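Topology and contacts: notes
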Amino acid sequence: MNGGGKNGARAWLAPVSGLAAMALHGSSAPSGAAHNSQLMNPRLLLVDDDARLASMVGDYLRHAGFEVETAGSLAAARERLGAETFDTLVLDLMLPDGDGLDLCREIRSDARTRHLPLLMLTARGEPMDRIVGLELGADDYLPKPFEPRELLARVKALLRRSQPQPAGDDVLRFGRLEVDLGARVARLDGKVCDLTGHQFDLLVVLAQSPGRVLSRDQIMDSLKGHPLEAFDRSIDVHISRIRAVIEDDPKMPRRVLTVRGAGYVFARKQDADEAA
């Protein structure tokens, strides 16, 4: 949503200092911030109709080693995504030609972009807006106003989680379900389950403690590499999405069980052939 000129653009940015201030005022960032730890010059698409805000944030991310492209509308974003390949997407929800949630839904339904790390960037601050966005497949949520340094940290975290582990493809097996830590995929009957990065990491936390009841606080502590705000009100939503793809009947789960008043437990024995 356009903030109205230079002052409007700055209104969407929290007060900055140090690294953030240097980048926003055109100074060089310290050499330590020059490259992402996983990818050299990862490509990022920033979708926001506030041209001045996009320019300032884009410059900041470029100082941090990103190759940044911008789009000011849903139509422009769709054109970019259809013609180019990106490593991550920062998407404003309030755009002149529609709702960014519609694009989020399209991205997650397209096999080519289904696993693209996606961060929502918006002035909407209601918890339900965050939950809906995360349920549609966004990996993280950053409300305006924000500090560019926080945006950078969240984007880098998304990229780290999207990269395959370099060594040791440990596989956790539970009957027909496999959780492949190296490939970062879950398989049911040998078929890859359609999970977002957040959902896979949440599944790993549960699967690494089979038979143990984990409270929501324990789950959040285990996901300390993730932005906790994104999970705070939506762990139940993510669990529901995980069940939808790994359970034979999500309404009668046998793998991820709810312990009323306590949390969740990942069952040690999940299939009939394991009952013995």
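See the structure shown above.
Every residue gets a number counted from 1 within its own chain, in the order that chain's sequence is written. Confidence filtering applies because this is a predicted model: local features only for residues at pLDDT of at least 70, side-chain atom pairs given and counted only at 80 or more, and all residues used for totals across whole chains, interfaces and linings. Heavy atoms throughout the structure, all of them, feed into the side-chain values; hydrogens and water do not.

**Re the overall build of the protein**
Runs of E in the DSSP output that reach at least two residues are strands. Runs of H or I that reach at least four are helices, and both are numbered from the N terminus. For the protein, the helix and strand inventory stands at 11 helices and 14 strands. Exposure categories follow from relative accessible area, calculated using a 1.4 Å probe and restricted to protein chains: below 20% of the type maximum is buried, above 50% is exposed, and the middle band is partly exposed. Looking at the protein as a whole, 49% of its 276 residues are labelled buried. Summing over all exposed atoms, the protein offers an accessible surface of approximately 12,900 Å²; the carbon and sulfur share of this is 50%. Shrake-Rupley sampling with a 1.4 Å probe provides the accessible areas, and residues are treated as covered by the protein chains on show and by no other component.

**Description of the nonpolar core**
What we call a nonpolar core is a set of buried Ala, Val, Leu, Ile, Met, Phe, Trp, Tyr and Cys residues that are connected through their side-chain atoms within 4.5 Å. Ranked by internal contacts, the top residues of the largest apolar core, which has 26 residues, are Leu-203, Leu-206, Ile-219 and Phe-266. Among the secondary structure elements, those contributing two or more residues to this core are strand S9 (177–180), strand S10 (185–188), helix H8 (197–207), helix H9 (216–222), helix H11 (235–246) and strand S14 (263–266). Any pair of residues with heavy atoms lying within 4.5 Å of one another is described as a contacting pair. Those residues in contact with Leu-206, other than ones at most four positions away along the chain, are Leu-214, Ile-219, Ile-239, Val-256, Tyr-264 and Phe-266. One finds Ala-77, Phe-86, Leu-118 and Ala-138 within the second-largest nonpolar core, a separate group that totals 21 residues.

**Points about the sheet that holds S9**
Here, a strand pair is defined by DSSP locating no fewer than two bridges between the strands. Taking strand neighbours across the sheet as the criterion, the 4 strands line up as S8-S9-S10-S11 in an open arrangement whose pairing is antiparallel. Strand pairing shows two members of the sheet lacking a second neighbour, strand S8 (171–174) and strand S11 (191–192), which therefore form its edges. Of the pairings in the sheet, the one linking S10 to S11 comprises 2 bridges and is antiparallel in character. Paired with Leu-188 across the strands is Lys-191, a residue of S11. The strands touched by H8 are S8, S9 and S10; relative to S9, the strand with the most contacts, the crossing angle is about 110°. Axes here refer to lines fitted to C-alpha atoms; in helices the fit is confined to the stretch in contact. Angles between the N-to-C directions go from 0 to 180 degrees.

**As for the side chain of Thr-88**
With respect to the helices and strands, Thr-88 occurs in strand S3 (residues 88–92). The residues touching Thr-88, leaving out its near neighbours within four places in the chain, are Arg-43, Leu-44, Leu-45, Leu-116, Pro-117, Val-155, Leu-158 and Leu-159.

**Points about the pattern of salt bridges**
A pairing counts as a salt bridge when a side-chain nitrogen of Lys or Arg comes within 4 Å of a carboxyl oxygen of Asp or Glu. Counted under the stated rule, the structure contains 22 salt bridges. Of the charged contacts in the structure, one is a salt bridge between Asp-180 and Arg-187, with a shortest N-O distance of 3.1 Å. Between Arg-216 and Asp-236 there is a salt bridge, and its shortest N-O distance comes to 2.9 Å. Of this pair, Arg-216 sits in helix H9 while Asp-236 sits in helix H11, placing them 20 residues apart in sequence. Because the salt bridges share partners, they merge into one network encompassing Arg-43, Glu-67, Glu-69, Arg-80 and Glu-84.

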